[in-house]
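Structure assessment
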Amino acid sequence: TERFQVMGDPRHMPYADVKEPFDATTNPLGEGYNRYFDDFHDGSGNRAADDAFWPGFAVKNDGSSTNDGWYTGSGDVEVEVNRCFQMLRGALLKSHAVFTTMTGFSYYYIGLGNEIGYDCANDFCNSIPVSRKPFDGGSGLRYEMSITTAQSGGVKYIRSNESGNDWWSINWLGELYPDEQYALWATDGNIASGSGADTFIRVRRPAITANLPAGTTFQNATRRLTQEGSTTFFSIGTSSSKFHHQFKNGQSGTLTGDGLDIESSYNFPIPNRAEINRPFNVDLNGSGNVPDDYQDPAYYDGSLSGTAINHFYDHDTSGLLGSSMIKLEGSQANDHAFVVVNGLAQTSLTGSAFIGRWSFLTLIQGFLAAGTQTGTKRIPQVPRIEITLPDDVTDLADPATIDIAWTKEWLRWDGRPYTSAYSSSFAETGSVSFALLYSDDNGKTWKHMQDDSAASPGRRPSNGSLLETGSTYTWSTPVSSFPEGTYLVRVEAFRDDRSLHYAYHQRRIFIKR
């Protein structure tokens, strides 16, 4: 976000290297401005062929004065969509994360804040009723739509509602009010909406016609990426064979593969058949348009590939998947991530409770299943830790010391294999160290057993003397420091070869005095 411009007018980008052409070696920040805000070409043809007005910018220039933004087939998006997905995708690839959206047509919308809207697919065909005053100065309610151009909707900017006042808010520069309105802003934290002098309303971009630079005539903009959103996020394959969802209203899929594992391993009822109206695959031909600047090297200097490796629901249409985990791999360094995609029907048909829980379960199952991958493209699993001493029958009557014992197993939290694909003899390589903690205030604060120093649960101690490598420890509990009462005992397991992911178990004990 510091290197590149995502929102606003590219002419406000002050950095020369970001303005210059992209080159992977000499200028990797090139073309880092928002190329979809406007193409500097309006009905007057103000953008000359030799770029006389605005030289140096590689903004979209297709010769049309009515197609300025990142085009979706149903409207323009005036923000740097490709850059937004580069940031999200890059964070996942570099951290080797497991990631999921909820369900349906993934990445179909983009939200930057201040959007109001819904759609017919979710039974809100008229969108959301809100007060008219900030939008047209009137009283009562109106339906507001920011994400599409339906119902006179679209992206709104704040503009003066006073006759002859041509001020409008350049929000991407932080200009939220005219200078003469500062006193009101400082007092109320806002400017006045409505009609008449010193009032302001939200209007669609084409309603702003004054104080525009040469070559710019605002067109309507939306926040709906439609079919090209998911294709842009994955950025895999070719223009004729790429990731895509398909519209299959009324069709269904059957639980399969790791989905059957979830059915048998979690205490949650899962239907064997589910309506799946937005199935997908990684290599669909002839599906949807190719996004603007698809696979431009400015957004990823290399190549990306995707493979569906775990399946939860299939689909009635051959060649389509209903719910699956995709391994996304990049050619730079060790870039890879695991992305769970669910094409199940929307909440109005499937129910929000099921969708939320199913998304969470597939995410957890995806994390466990990623441990069966090979080489650097796998996620090492965390062990199961259980405190065996003291247990529920241990009588802690005036103890000067307490024996602490624990076990470590390469199983999931309930003592079962991580998934059915793991062998009974599975074990991770690498050593594990243990931090021993206790709390005398019901978990508000924690201390290390070895020296009573302050401890931070979930954080590996930097002092190696506070880590144990065995499976037993004798804890000194003199009466002067440990009066009668309830204590929490906690054993944490940290893998010595990586900092992410730890396991723990804790018990509540009572010391008698």
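Above this text sits the structure in question.
The model shown is predicted, which means the values in this text are computed figures rather than measured ones.

**As for a negative patch on the surface**
On the surface, E175, D179, E180 and D198 cluster together into a patch of negative charge. Relative to the helices and strands, E175 is located in the loop between β6 (156–160) and α4 (182–188). By relative accessible area, E175 is classed as partly exposed at 31%.

**A short note on unusual backbone geometry**
In the segment running from L389 into P390, the intervening peptide bond is cis, with an omega of -5°. Within the secondary structure layout, P390 lies in the loop between β15 (384–389) and β16 (401–409). In the Ramachandran plot, S235 falls in the positive-phi region, its phi being about 50° despite a non-glycine side chain. Its location among the elements puts S235 in the loop between α5 (228–234) and β8 (242–245). Its identity is not glycine, yet A333 carries a phi of approximately 50°, on the positive side. Take A333: it is sitting in the loop between β13 (321–330) and β14 (336–342). Given a relative accessible area of 75%, A333 falls into the exposed group.

**Focus: the sheet that holds β16**
Strands sit in the order β15-β16-β21 across an open sheet of three strands; the sheet is antiparallel. Each of the sheet's edge strands pairs with one partner strand only, and the pair in question is β15 and β21 (472–476). Taken pair by pair, the neighbouring strands of this sheet meet at an average axis angle of 30°, ignoring direction. Two elements, β15 and β16, share five bridges in a ladder whose sense is antiparallel.

**As for the side chain of S359**
The topology assignment puts S359 in helix α8 (residues 352–369). Relative accessible area serves as the criterion here: at 5%, S359 is assigned to the buried category. Here the side chain of S359 touches I355 through a polar contact of 2.9 Å, landing on its backbone oxygen. Excluding its chain neighbours within four sequence positions, the residues that come into contact with S359 are T100, T101, M102 and N342.

**Focus on the packing of aromatic side chains**
By the definition in use, this model includes 37 aromatic pairs. Aromatic side chains W168 and F218 sit 5.5 Å apart centroid to centroid with 80° between the ring planes, which places their arrangement in the edge-to-face category. Highlighted residues: W168 in the loop between β6 and α4 and F218 in the loop between β7 (200–204) and α5, separated in sequence by 50 residues. Both residues of the pair, W168 and F218, count as buried. Taken together through their ring pairs, the aromatic side chains of F85, F99, Y107, F233, F234, F243 and F280 make up a single cluster. Lying over the aromatic face of Y266, R412 brings its terminal NZ or CZ to 4.7 Å of the ring centre. Geometry around Y504 places R490 over its ring, the cationic atom sitting 3.7 Å from the centre.

**Here's the deal with helix α6 (residues 258–265)**
Within α6, burial applies to D258, G259, D261, I262 and S265. Angular distribution of buried residues about the axis of α6 spans 155°; they occupy a single face of the element. At its buried positions, α6 is contacted by β12 (304–314) and α8.

**Here we look at the environment of T307**
Within the element layout of this structure, T307 appears in strand β12. Under the relative-accessibility criterion, T307 is labelled partly exposed at 38%. Counting along the chain gives 24 residues from T307 to D283, while the straight-line C-alpha distance between them is 9.2 Å. Dropping the residues within four chain positions of it, T307 is found in contact with M325, I326 and K327.

**With respect to the nonpolar core**
Y313, W358, I404, M449, W475, V491 and I509 are the most contacted members of the largest nonpolar core, which totals 44 residues. The leading source of residues in this core is α8, at five residues. Formed by 29 residues, the second largest nonpolar core is a distinct cluster that contains V6, V77, F234 and V341.

**Topic: the side chain of S433**
Tracing the chain through its elements places S433 in strand β17 (residues 432–439). A distance of 2.8 Å separates polar atoms of two side chains, one belonging to S433 and the other to D496.

**Quick word on the packing of α6 against α8**
α8 packs onto α6 with a crossing angle of 110° between their chain directions and a minimal axis gap of 11 Å. Accordingly, the angle class assigned to the pair α6 and α8 is roughly perpendicular. Contacts from D258, G259, D261 and I262 in α6 reach W358, L361, T362, Q365 and A369 in α8. Each residue belonging to the contact of α6 with α8 can be placed in one class, and the counts come to four nonpolar, three polar and two charged.

The rules we used
Residues numbered from 1 in each chain as written. Predicted model: local features only at pLDDT ≥ 70, side-chain atom pairs only at ≥ 80, totals over all residues. Heavy atoms only, no water. Patch = residues over 30% accessible without salt bridge, like charges linked within 9 Å, V, L, I, M, F, W, Y side chains within 5 Å. Areas by Shrake-Rupley, 256 points an atom, 1.4 Å probe, with all protein chains shown as cover. Salt bridge = Lys/Arg side-chain N within 4 Å of Asp/Glu carboxyl O. Lys, Arg positive; Asp, Glu negative; His and termini not counted. Charge placed at Lys NZ, Arg CZ, Asp CG, Glu CD. Helix = DSSP H or I, 4+ residues; strand = E, 2+ residues; numbered from the N terminus. Buried < 20%, exposed > 50% of the residue type's maximum accessible area, 1.4 Å probe, protein only. Pairing = 2+ DSSP bridges. Axes fitted to C-alpha atoms, helices over the stretch in contact; angles between N-to-C directions. Polar contact = N/O pair within 3.5 Å; in protein donor to acceptor, adjacent residues only side chain to side chain. Contact = heavy atoms within 4.5 Å. Phe/Tyr/Trp six-rings, centres within 6.5 Å; stacked < 30°, edge-to-face > 60°. Lys NZ or Arg CZ within 6 Å of the ring centre and 35° of its normal. Arc of directions from axis to C-beta. Core = buried A, V, L, I, M, F, W, Y, C linked by side-chain atoms within 4.5 Å. Parallel < 35°, antiparallel > 145°, perpendicular 65-115°, else oblique. Nonpolar A, V, L, I, M, F, W, Y, C, P; charged D, E, K, R; others polar.

Everything listed here is a matter of coordinates, which is why it stays silent on function.
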